[in-house]
Amino acid sequence: MKKSFFILPLLTVLFFACTSSNDGKSEMLSVKADLDKAGTLRASEYFEEVTYVPLETSDEFLIDYARKTVVSGNSLYVMCDKSVHVFSTETGKGKNSLSKLGNGPGEYKSLTDFIVGDANGNIELLDNRGKKILVYDSFGNLVRDWNVPAMAFSIFKKNSHHYCFYNGNMKSDVSSSRVMDYDVEVQEKIKEYFPISDNLAEYFHLMDEKVFNMTLNGLYFHVSPIDTIYKYVDDKGFVPAFHLDFMNHAAPASFYEYKYRDIMEFSEAANKNEYVYALTNFAVNGVDDVLFSCRLGKTFYWTVCLNGKPENTANAWMDDFHFTGSMPLTYHNIAYCLDDEYLYFFISAEQLMDMCEEGLKDESMQTLIKSAGVTEESNPILVKCKLKK
């Protein structure tokens, strides 16, 4: 049977701060997201400062739709539909663009996922259709490639020869689980995690944009429709770290037991019941701040819990350092990542200009727009929010 896949754009964003555990154990914490009481998130309550970095807009560096972002050092990696672009997080200038979609030598048939492979800035790209991983250097030259044993949808690299593959709900001759550890050198499966449900394998096929997140405190994992974020613990495997409670909008277990024809029929039923069923993006940093995302209907939410403050669910963002008004959250703001110092996300050039028209607290934004030549057709603007200590 041919499987239909559904790419779900972002969903609700939540920050959660917790105390680090030093004994190697993971204690699951419950996080509530009250979407029915959404308000406006004020930047000054959670961040020390907010900085805007226009990204270079040129024929070589064009962002159609940012699917995944990674920050490594002072480089921002942005995965689009066909390319991976690299920008400076300080100046926004383009550094490198990897765009080799095709069937020839050194090209990929699909761009499914990528990782920054090592300190040299090599990019390891997952080609789902070609069932390959291709490794490119910082100049875009192919270093090597090798075959993937199954139709993987996401990858994580534990060391030079040990990889984790996320297989979705697609069973194969190689694996009947969602996650498989694989040794590249000997080309053998090491271990499997999260057995695939026979029922979900019939219909639940979502293209989660990111399922693995590596931090200084370890590897975290989440996949739809699980309502849990897991942490990898040596000798224990993946153990629950966070339980996500969407309260009135949490789908009961029985909802997934129905024999849906495909993911579209399931999605229609979930939307009709106003259920949150997918988490397509999340980020964890080395100080245990967590950002995860969800969407209900056509509305986008951010729910924040940092520095001991109560949870705050919002469907609008207000940078009260620079602007007098707020902006509703939209699909433009769905790509984000987190490190120990900053939250990074995008706003569209049009959103930035609209906020300027609504009201400014100083002239710095107008100066930025003019000096960078920002127009409504420009690439998204990188927003850097410095976390309060």
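If you're wondering where the values come from, they're calculated on a predicted model, not measured in any experiment.

A.B. asks: Let's hear about the overall build of the chain: which residues, and what values?
C.D. replies: If you tally the helices and strands in the chain, you get four helices and 29 strands. Overall, the chain is about 60 × 50 × 45 Å in size when its C-alpha atoms are taken along their principal axes. Among the 389 residues that make up the chain, the fraction classed as buried is 55%. The contacts of the chain with a sequence gap of at least 6 include a subset with a gap of at least 24, amounting to 59%.

A.B. asks: Can you lay out the layout of surface pockets for me, pointing to particular residues and giving the numbers?
C.D. replies: Volume-wise, the largest pocket comes out at about 1,100 Å³. Lining the largest pocket are 41 residues, and of these Val70, Phe156, Asn213, Met214 and Thr215 sit closest to its centre. Those elements that place two or more of their residues in the lining of the largest pocket are strand S5 (68-72), strand S9 (113-116), strand S13 (154-157), strand S17 (212-215), strand S18 (218-221), strand S19 (228-233), strand S21 (281-284) and strand S27 (336-338). In terms of residue count, S5 provides more of the lining of the largest pocket than any other element does, five residues in total.

A.B. asks: I'd like a description of a negative patch on the surface, backed by residues and values.
C.D. replies: Residues Glu350, Asp354, Glu357, Glu358, Glu376 and Glu377 make up a contiguous surface patch of negative charge. Counting through the fold element by element, Glu358 comes out in helix H3 (residues 349-358).

A.B. asks: Which residues make up the sheet that holds strand S6 (residues 75-79), and what values do they have?
C.D. replies: The four strands lie next to each other as S5-S6-S7-S8, forming an open sheet whose pairing is antiparallel. For this open sheet the edge positions go to S5 and strand S8 (94-98), each flanked by a neighbour on one side alone. Each neighbouring strand pair of the sheet contributes to a mean axis angle of 15°, computed without reference to strand direction. Pairing of S6 with strand S7 (residues 84-88), which is carried by five bridges, proceeds in the antiparallel orientation. Bridge pairing links Tyr77 to Val86 in S7.

A.B. asks: I'd like to hear about the side chain of Asp181, residue by residue, with values.
C.D. replies: Along the polypeptide, Asp181 turns up in strand S15 (residues 177-183). In this structure Asp181 comes out as buried when scored by relative accessible area, which is 2%. Within the local environment of Asp181, its side chain forms a polar contact with the side chain of Tyr193, the two groups lying 3.2 Å apart. Sequence-distant contacts of Asp181, defined by excluding residues within four places in its chain, comprise Lys158, His162, Tyr163, Cys164, Glu188, Lys189, Ile190, Lys191 and Tyr193.

A.B. asks: Give a detailed account of the sheet that holds strand S4 (residues 47-54), specifying residues and quantitative values.
C.D. replies: Read from one edge of the open sheet, four strands run S4-S29-S28-S27, paired in antiparallel fashion. Of all strands in the sheet, those bounded by a partner on one side alone are S4 and S27. Each strand axis lies, on average, 15° off the axis of its neighbour in the sheet, ignoring direction. Docked against the sheet, H3 engages S4, strand S28 (342-347) and strand S29 (381-387), running at close to 90° with respect to S28.

A.B. asks: Tell me about the pattern of salt bridges, residues and numbers included.
C.D. replies: A side chain of one charge can pair with a side chain of the opposite charge when the charged atoms of the two come close. All told, the structure shown has eight salt bridges when counted by the stated rule. When the shortest N-O distance is used, the salt bridge between Lys158 and Asp181 registers 3.3 Å. Of this pair, Lys158 sits in the loop between S13 and strand S14 (162-166) while Asp181 sits in strand S15, and the two are 23 residues apart along the sequence. A relative accessible area of 26% means that Lys158 is categorised as partly exposed.

A.B. asks: I'd like a rundown of the nonpolar core, residues and numbers included.
C.D. replies: Tyr52, Trp317, Phe345, Ile347 and Leu352 are the most contacted members of the largest nonpolar core, which totals 35 residues. Those elements that provide at least two residues to this core are S4, strand S24 (299-304), strand S25 (312-318), S27, S28, H3, helix H4 (364-372) and S29. Among residues more than four places away in sequence, those in contact with Tyr52 are Trp317, Asp319, His322, Phe323, Ile347, Leu352, Met355, Met365, Leu368, Ile381, Leu382 and Val383. Leu279, Phe282, Val284 and Leu296 belong to the second-largest nonpolar core, a separate cluster that totals 18 residues.

A.B. asks: Before we move on, can you summarise unusual backbone geometry with the specific residues and values?
C.D. replies: With omega at 0°, the peptide bond leading from Ser224 into Pro225 counts as cis. Position of Pro225 among the secondary structure elements: in the loop between S18 and S19. Although it is not a glycine, Lys131 sits at a positive phi angle of roughly 50°.

Here is what the cut-offs are and how they apply
- Residues numbered from 1 in each chain as written.
- Predicted model: local features only at pLDDT ≥ 70, side-chain atom pairs only at ≥ 80, totals over all residues.
- Heavy atoms only, no water.
- Helix = DSSP H or I, 4+ residues; strand = E, 2+ residues; numbered from the N terminus.
- Buried < 20%, exposed > 50% of the residue type's maximum accessible area, 1.4 Å probe, protein only.
- Contact = heavy atoms within 4.5 Å.
- 1 Å grid on protein atoms, 1.4 Å probe; cavity = no way out; pocket = protein on both sides within 12 Å on 5 of 7 lines; lining within 4 Å.
- Points joined across faces, edges and corners; volume = space filled by probe spheres on them.
- Patch = residues over 30% accessible without salt bridge, like charges linked within 9 Å, V, L, I, M, F, W, Y side chains within 5 Å.
- Areas by Shrake-Rupley, 256 points an atom, 1.4 Å probe, with all protein chains shown as cover.
- Salt bridge = Lys/Arg side-chain N within 4 Å of Asp/Glu carboxyl O.
- Lys, Arg positive; Asp, Glu negative; His and termini not counted.
- Charge placed at Lys NZ, Arg CZ, Asp CG, Glu CD.
- Pairing = 2+ DSSP bridges.
- Axes fitted to C-alpha atoms, helices over the stretch in contact; angles between N-to-C directions.
- Polar contact = N/O pair within 3.5 Å; in protein donor to acceptor, adjacent residues only side chain to side chain.
- Core = buried A, V, L, I, M, F, W, Y, C linked by side-chain atoms within 4.5 Å.

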